[in-house]
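# Descriptive structure summary
Here is what each chain is made of, one letter per residue.
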Amino acid sequence: MSRKMLDIAIEEIKEQDKYINEINKLIKDKNLKYHIVTYGCQMNVHDSEKLAGMLETMGYTETTEQSDADLILFNTCCVRENAELRVYGNVGALYPYKQRNPNLIIGICGCMMQQDEVATVITKKFPFVDLIFGTHNLHHFPKLLLQAMDAQQTVVEILDEQGRIVEDVPIKRDLGVSAWTTIMYGCNNYCTYCIVPYVRGRERSRKPSDILDEIRRLADEGYKELTLLGQNVNSYGKDLDIDYYFPNLLRDVNKIDGIERIRFMTSHPKDLTKDLIMAMAESEKVCEHLHLPIQSGSNRILKLMNRRYTREDYLELVNDIRREIPHIAITTDIIVGFPGETEEDFADTLDIVKKVRYDSAFTFMYSIRTGTPAAKMDEQIDQKIKKERLQMLMELQGQISKEINEKFMGSTVDVLVEGLSKNRDDMYTGRNRQNKLVNFMAEHDVTGKIVEVKITQSKTWTLEGIMV
Ligand code: SAH
Ligand code: SF4
Ligand code: F3S
């Protein structure tokens, strides 16, 4: 970053601090509460942690009850249509709260707001919404909130262009053992079905020193596990003017004392290099789990999707990874019903799932996203066929996941304990290095520790056992 850019960035943070202080004075002693509803992926979850961090610095406290809140924020996702429909439904349902409490502030932000027309539709349909902003100006939230507190109309600020990365936004992370760090923003891949590059902008990597400093602080605060986040972490560093890429970052994070487990997501198969596989294998803290979305098993569909690898490339990659890291768990994302997907194409998807034998998979029906190339393709697939294919795929994957989990019976695994299980309060819960959820009995509170658990029962999605 040039000196001038740096000065602008520092000015901007100072300016937001000014607004934070002003709000702090305005709401002092009022005991105001906020509630954030987050949709979508971990990038949004992490953005919500930043919004919460800013709100707590202003003097708000969190409430889990929407009805109790003085400020409600919806951080939205638009990757599939049903995510958007949920947002419209849930925003509509806030009207009675607003009638009851006219001082309630309702804000909507996130990816969905970056799409053309959405802000206009919302201001027309739901004029009681106070504030709308996009993904590129999250750090302007204090200024916008202050404006909204005083405005008669909806305050709207959507920037078309991504700006530079703004560091030092306060973050309120979930207390616990595990923390997220965004290492890069945006995506340059333009898969033809996907809206993300349009709403999150082009790839921008954070500076290594900013990332490493943040992780050192997290280690000091007691976090043991760290997940490095980005839409395509493998292209980390390509936009920086130094020779420093994702494998370098992994090796450097591995050296940080206090961090015991490193995870990352998501990886694009076309950018997963031999050096990255070596860095994973060498770095003892990097967990044996790789999320490697395949999307389709058909070469014809992969080409139409602009994924830039073939099923053969993918299988070779899986072989290379398993050769270096034999017990690695591999998970994936798959779309069924992409335009033009024939029975043969879908059979290729089932076939590659059988060949790779994923530990688990997120499976989706293709959803038309206006503005993406696939939305204009002929031969959109019937909803009924999409549903049938999804069902078949889920059954196959469920069977494979169950068989893989059965192999854990009788073995002992390391579990990083998150706390008591939500469903069974006589059991603790955590994950093993392969990211499998393990529920187990323990004689004393072991939250935050890494313990050994002997597996006594295997289910399709979880394992159960006893601490040894
Ligand atoms: N950057 C990540 C994840 C992006 S979104 C990656 O490339 O893997 C998460 C998943 O949503 C994608 O992997 C894809 O499987 C799914 N997805 C994206 N757009 C979709 C669409 N239009 N319809 C259905 N699923 C979609
Ligand atoms: Fe979307 Fe493809 Fe980018 Fe993932 S890599 S965010 S699927 S465009
Ligand atoms: Fe959704 Fe935005 Fe993530 S569209 S999947 S929240 S990047």
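Criteria and cut-off values
- Residues numbered from 1 in each chain as written.
- Chains lettered and ligands numbered in written order.
- Predicted model: local features only at pLDDT ≥ 70, side-chain atom pairs only at ≥ 80, totals over all residues.
- Heavy atoms only, no water.
- Helix = DSSP H or I, 4+ residues; strand = E, 2+ residues; numbered from the N terminus.
- Buried < 20%, exposed > 50% of the residue type's maximum accessible area, 1.4 Å probe, protein only.
- Contact = heavy atoms within 4.5 Å.
- Lys, Arg positive; Asp, Glu negative; His and termini not counted.
- Charge placed at Lys NZ, Arg CZ, Asp CG, Glu CD.
- Pairing = 2+ DSSP bridges.
- Right-handed = clockwise from strand over helix to strand, strands pointing away.
- Near = heavy atom within 4 Å.
- Polar contact = N/O pair within 3.5 Å; in protein donor to acceptor, adjacent residues only side chain to side chain.
- Areas by Shrake-Rupley, 256 points an atom, 1.4 Å probe, with all protein chains shown as cover.
- Domains from an automatic or database assignment.
- Buried area = accessible area lost by both parts, 1.4 Å probe.
- Salt bridge = Lys/Arg side-chain N within 4 Å of Asp/Glu carboxyl O.
- Core = buried A, V, L, I, M, F, W, Y, C linked by side-chain atoms within 4.5 Å.
- Axes fitted to C-alpha atoms, helices over the stretch in contact; angles between N-to-C directions.
- Parallel < 35°, antiparallel > 145°, perpendicular 65-115°, else oblique.
- Left-handed = near helix turned anticlockwise from the far one by under 90°.

### A short note on the overall build of the protein chain
Regarding its fold elements, the protein chain presents 14 helices and 19 strands. Along the three orthogonal principal directions, the C-alpha set of the protein chain runs to about 60 × 60 × 50 Å. Burial statistics for the protein chain: of 468 residues in total, 54% are counted as buried. Of the contacts formed within the protein chain by residues at least 6 apart in sequence, a portion of 74% connects residues at least 24 apart. One way to put it: in the protein chain the 61 positive side-chain charges average out to a point 1 Å from where the 72 negative ones average out.

### A short note on the sheet that holds strand E3 (residues 71-76)
Strands sit in the order E2-E1-E3-E4-E5-E6 across an open sheet of six strands; the sheet is parallel. At either margin of the open sheet sits one strand with a lone partner, and together these are strand E2 (61-62) and strand E6 (155-157). Of the strand pairs in this sheet, strand E4 (residues 105-110) and strand E5 (residues 131-133) are connected by two bridges, and their pairing is parallel. Pairing of Ile 108 across the sheet is with Ile 132, part of E5.

### A closer look at the pairing of strand E14 (residues 360-365)
Judged from the six bridges that link them, strand E13 (residues 329-336) and E14 form a sheet pairing that is parallel. The partner of Asp 333 across the bridge, within E14, is Phe 362. With respect to chirality, the unit in which E13 leads through helix H13 (residues 343-356) into the neighbouring parallel E14 is right-handed.

### What to know about the site of ligand 1
Surveying the vicinity of ligand 1 reveals 15 residues, the closest of which are Arg 80, Gln 231, Gln 295, Asp 333 and Ser 367. With respect to ligand 1, the side chain of Arg 80 contributes an N or O atom lying 2.9 Å from an oxygen atom. In the environment of ligand 1, an oxygen atom lies 2.6 Å from a nitrogen or oxygen atom belonging to the side chain of Asp 333. Compared with its free state, where it exposes 540 Å², ligand 1 has 90% of that area covered by protein. Contributions of two or more residues to the shell around ligand 1 are made by E13 and E14.

### Here we look at the domain arrangement of the protein chain
The domains assigned to the protein chain are domain 1 (3-157), domain 2 (178-406) and domain 3 (412-467). Each of domain 1 and domain 2 was reduced to a C-alpha centroid, and the two centroids are 29 Å apart. In this assembly, 18 residues from domain 1 lie in contact with 18 residues from domain 2. Across the domain 1/domain 2 interface, buried area totals approximately 1600 Å², and carbon plus sulfur atoms make up 56% of it. Where domain 1 touches domain 2, the interface holds two salt bridges. For Arg 200, the salt bridge goes to Asp 47, with nearest N and O atoms at 3.0 Å.

### A few points about the nonpolar core
Within the largest apolar cluster, 67 residues are counted, with the highest numbers of intra-cluster contacts made by Leu 228, Phe 246, Leu 249 and Leu 250. Taken domain by domain, the makeup of this core includes at least three residues from each of domain 2 (178-406) and domain 3 (412-467). Setting aside residues no more than four positions away along its own chain, Leu 228 makes contact with Thr 181, Ile 183, Ile 215, Val 233, Phe 246, Leu 249, Leu 250, Ile 262, Arg 263, Phe 264 and Met 265.

### Notes on the sheet that holds strand E11 (residues 261-265)
If you walk across this open sheet you meet the three strands as E7-E10-E11, and the pairing is parallel. Edge positions in the open sheet fall to strand E7 (178-182) and E11, since each of these has one partner strand only. The average undirected angle you get between the axes of adjacent strands in this sheet is 20 degrees. Across five bridges, E7 lies against strand E10 (residues 225-229) in parallel orientation. Paired with Ser 178 across the bridge in E10 is Glu 225. Docked against the sheet, helix H2 (residues 42-58) engages E7 and E10, running at close to 100 degrees with respect to E7.

### Regarding the side chain of Ser 298
For Ser 298, the location among the structural elements is in the loop between strand E12 (289-291) and helix H11 (299-304). If we skip the residues at most four places from it in the chain, Ser 298 touches Asp 345, Asp 348 and Thr 349.

### Quick look at the packing of helix H8 (residues 208-221) against helix H9 (residues 246-254)
Angle between the axes and distance between the axes are the two parameters that describe a pair of packed helices. Between H8 and H9, the shortest axis-to-axis distance is 11 Å and the interhelical angle comes to 25 degrees. When the interaxial angle is binned, H8 and H9 end up roughly parallel. When the axes of H8 and H9 are compared, the crossing they make is right-handed. For the pair H8 and H9, contact is made by Ile 211, Leu 212 and Ile 215 and by Leu 249, Asp 252 and Val 253, respectively.

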